[in-house]
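# Coordinate analysis (summary)
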Amino acid sequence: MIAIIEAHDGRSFHGQLRERTFVKIKMMSVTTQSPPAGAQDKEAFHKEERYFLEGPRSRLREFFFLLQIIGEFIRGFRVFHFVRPCIAVFGSARVRPGSVYYNNAVAMGKGIAGLGFAVMTGGGPGIMEAASRGASEAGGTAVGCNIRLLHEQRPNPWLDAYFNCRYFFVRKVLMFKYSYGFVIMPGGIGTLDEFFEALTLIQTQKILDFPIVLMGTEYWHAIADMLDVMVRESMISPADLNYILVTDSPEEALAHLRHYASLKYQAKRKKIFKRFTLLGE
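### Concerning the pattern of salt bridges
Evaluated as defined, the whole model comprises 5 salt bridges. Residues Glu62 and Arg57 are paired through a salt bridge, measuring 3.6 Å at the closest nitrogen-oxygen approach. A residue is classified by how much of its surface remains accessible, and Arg57, at 9% relative accessible area, is buried. Salt bridges sharing common partners tie together Lys110, Arg133 and Glu137.

Right, here's the structure in full:
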């Protein structure tokens, strides 16, 4: 119960109390919502994950944690093993349908499907939904690599297949493993994380010939300027930026992906894997 005190004589609240001025107490009941089903389990899981990142634990707990990670990787591999090569599209979950960013993501999804690639996203709303929608409407394939958060992010309805990850690093590995290029739409910190992870892997030559498109010249101009400063100050090599395109044009972006991603796939990934019934495939 919350008590709200309403004074009636215009004097200060403390003065009214000293003079014992009559006040009217209006009681408001507060409805307490019970936590949704599974909320306690989610909270327990996130506490466990935070605890893991705080330092050493017992050897037994570390061992079982590793088993959980291995199991998650195996489940992710099984979901995406037979999906065609992907182009990953990243961007904000907060973008609304009908906005310029949303419509551009739909166009990119359609174009990527037209190149013969599946669209891989984080599987949630906003840009992720828009790109998946574009691929689906163009008759292509859309897959999602979702992440379990305390406030659950539900998969969007345009996905042909999706996998819910517990751990961000598992999600990141899966999205790089099955992608031949990235399209970075306007987004926030998570989007920047994926962009700079890709740049790091390119710079260290862990991945080769990996095209990256930054869609939105005005939105990304500060990042582009920062990268130019890094080159000018010799913090990075100009070659590190060879595969980055900053553009507003879906057509130009798709040409960039076609030039690098399509050639990379044709050169390196010709083997077609067969399904095995005994493995439930």
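Moving on from the model shown.
### Re the sheet that holds strand 4 (residues 118–121)
Overall, parallel pairing links the 7 strands, which are arranged 6-5-4-3-7-8-9 in an open sheet. Looking at the sheet topology across the chains shown, the edges are occupied by strand 6 (161–165) and strand 9 (244–247). Taken over all neighbouring pairs, the strand axes of this sheet differ in orientation by 20 degrees on average, direction set aside. Bridging between strand 3 (residues 86–90) and strand 4 involves 3 bridges; their strand directions are parallel. Each bridged residue has a counterpart across the sheet, and for Ile87 the counterpart in strand 4 is Val119. Strands in contact with helix 5 (residues 127–137) are strand 3, strand 4 and strand 5 (142–147); relative to strand 4, the strand with the most contacts, it is inclined by about 165 degrees. The sheet contacts of helix 7 (residues 189–203) involve strand 3, strand 7 (179–184), strand 8 (212–215) and strand 9, and relative to strand 8 the element is tilted by about 150 degrees.

### Focus on the pairing of strand 3
Within strand 3, 5 of the 5 residues are buried, which leaves it mostly tucked inside the rest of the structure. Of the two faces of strand 3, both are covered, the one formed by Cys86, Ala88 and Phe90 as well as the one formed by Ile87 and Val89. Since strand 3 and strand 4 lie parallel, the crossover through helix 4 (residues 100–114) that links them has a hand, and here it is right-handed.

### Description of the state of the cysteines
As enumerated under the stated definition, the model contains 0 disulfides in all. Considering cysteine sulfurs only, Cys165 is the nearest to Cys145, which forms no disulfide, with 3.6 Å between them.

### Some words on the packing of aromatic side chains
Taken as a whole and assessed by the stated rule, the structure comprises 14 aromatic pairs. Measuring from ring centre to ring centre gives 4.9 Å for Tyr243 and Tyr260, while their planes differ by 80 degrees; the resulting arrangement is edge-to-face. Residue Tyr243 is located in the loop between helix 8 (221–232) and strand 9, and its partner Tyr260 is located in helix 9 (residues 250–268); the two are separated by 17 residues in the primary sequence. Members of the aromatic cluster, joined through ring pairs, are Phe90, Phe176, Phe182 and Phe210. One Lys or Arg, Arg57, reaches over the ring of Phe65 and ends 5.2 Å from the middle of that ring.

### Points about the packing of helix 6 (residues 168–177) against helix 7
Across the interface, helix 6 lies against helix 7 with an axial gap of 12 Å and an inter-helix angle of 60 degrees. As the angle between them shows, helix 6 and helix 7 are arranged oblique. Pair helix 6 / helix 7 crosses with right-handed handedness. From helix 6, Arg171, Lys172 and Phe176 reach across to helix 7, where they touch Asp193, Glu194, Glu197, Ala198 and Leu201. The residue inventory of the contact of helix 6 with helix 7, partitioned by class, reads 3 nonpolar, no polar and 5 charged.

Calculation criteria
- Residues numbered from 1 in each chain as written.
- Predicted model: local features only at pLDDT ≥ 70, side-chain atom pairs only at ≥ 80, totals over all residues.
- Heavy atoms only, no water.
- Salt bridge = Lys/Arg side-chain N within 4 Å of Asp/Glu carboxyl O.
- Buried < 20%, exposed > 50% of the residue type's maximum accessible area, 1.4 Å probe, protein only.
- Pairing = 2+ DSSP bridges.
- Helix = DSSP H or I, 4+ residues; strand = E, 2+ residues; numbered from the N terminus.
- Axes fitted to C-alpha atoms, helices over the stretch in contact; angles between N-to-C directions.
- Contact = heavy atoms within 4.5 Å.
- Right-handed = clockwise from strand over helix to strand, strands pointing away.
- Disulfide = S-S within 2.5 Å.
- Phe/Tyr/Trp six-rings, centres within 6.5 Å; stacked < 30°, edge-to-face > 60°.
- Lys NZ or Arg CZ within 6 Å of the ring centre and 35° of its normal.
- Parallel < 35°, antiparallel > 145°, perpendicular 65-115°, else oblique.
- Left-handed = near helix turned anticlockwise from the far one by under 90°.
- Nonpolar A, V, L, I, M, F, W, Y, C, P; charged D, E, K, R; others polar.

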